[in-house]
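Understanding the architecture of this molecule
These are the residues of each chain, in order.
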Amino acid sequence: MSYTLPDLPFDSTQLSPFNSKQTFEYHHGKHHAGYVTKLNNAIKNTPYSEMNLENVILKAYQENNKAVFNNAAQHFNHSFFWNCLSPNSKEIPEETLDELINIEFGSFDNFKDKFTTAANTLFGSGWIWLTISNNKLEILQMKDADNPIIINKTPILTLDIWEHAYYIDHKNERTNFINEFWKVINWNFCLSNI
Ligand code: MN3
């Protein structure tokens, strides 16, 4: 099988000042598209082309096949990230997710502080993930293309901390990008991952 670039699940003009239309033109239209093209080239005529994306990520990670792993994981990570964003964000999550956050972190504000600190302190490029495993939530800092699939945890929410995610709009001010992220989270999507 070959992969295609998914459409953004929102109007790219509606998420400013978190990210502008121009950022999405590059981040989705160039970076994400590039990962999809390189992934298709890397798996062509190999056993990877017969697997689903999660199995490609796991097997390539186990085999230390960096060309396949990096592009497969980045395709998954970006597709997941777009789904985490919405111009119609509610302030806090609902139902089960709200309950699990309170159990694990004490309060939503405490969770927000911990996730924000993880995002601010990640050195270099990577992703911040909220994951669930055995009904327990966890915030993870992961480098480069790494994601929770490689450690058998289920992703709920992610934030892209590569500079290409924020440099056009926020330059070196990663903190501003992270602060704006809290205003555009699609909590319904997050809840659907539990
Ligand atoms: Mn990115």
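What comes next concerns the included structure. (Residues numbered from 1 in each chain as written. Predicted model: local features only at pLDDT ≥ 70, side-chain atom pairs only at ≥ 80, totals over all residues. Heavy atoms only, no water.)

What follows deals with helix 1 (residues 21-43). Side chains three or four residues apart in an α-helix point the same way, a direct result of the helix having 3.6 residues per turn. In this model, helix 1 (23 residues) spans 31 Å end to end at C-alpha, consistent with the 33 Å of a helix rising 1.5 Å per residue. At Ala33, helix 1 shows its maximal kink, close to 25°. Listing the buried residues of helix 1 in full gives Thr23, Phe24, His27, His28, His32, Ala33, Tyr35, Val36, Leu39, Asn40 and Ile43. At the exit of helix 1 stands Asn45, carrying a positive phi of roughly 60°. (Helix = DSSP H or I, 4+ residues; strand = E, 2+ residues; numbered from the N terminus. Expected span 1.5 Å × (residues − 1). Bend = angle between axes of the 7 residues up to and from the residue. Buried < 20%, exposed > 50% of the residue type's maximum accessible area, 1.4 Å probe, protein only.)

Of all hydrophobic cores here, the largest spans 63 residues; its most connected members are Leu85, Phe111, Phe115, Leu130, Leu157 and Leu159. A total of eight residues in this core trace back to one element, the largest contributor, which is helix 3 (residues 66-83). Not counting residues within four places of it along the chain, the set of residues in contact with Leu157 comprises Phe80, Cys84, Phe111, Phe115, Ile128, Trp129, Leu130, Phe181, Ile185, Trp187 and Cys190. (Core = buried A, V, L, I, M, F, W, Y, C linked by side-chain atoms within 4.5 Å. Contact = heavy atoms within 4.5 Å.)

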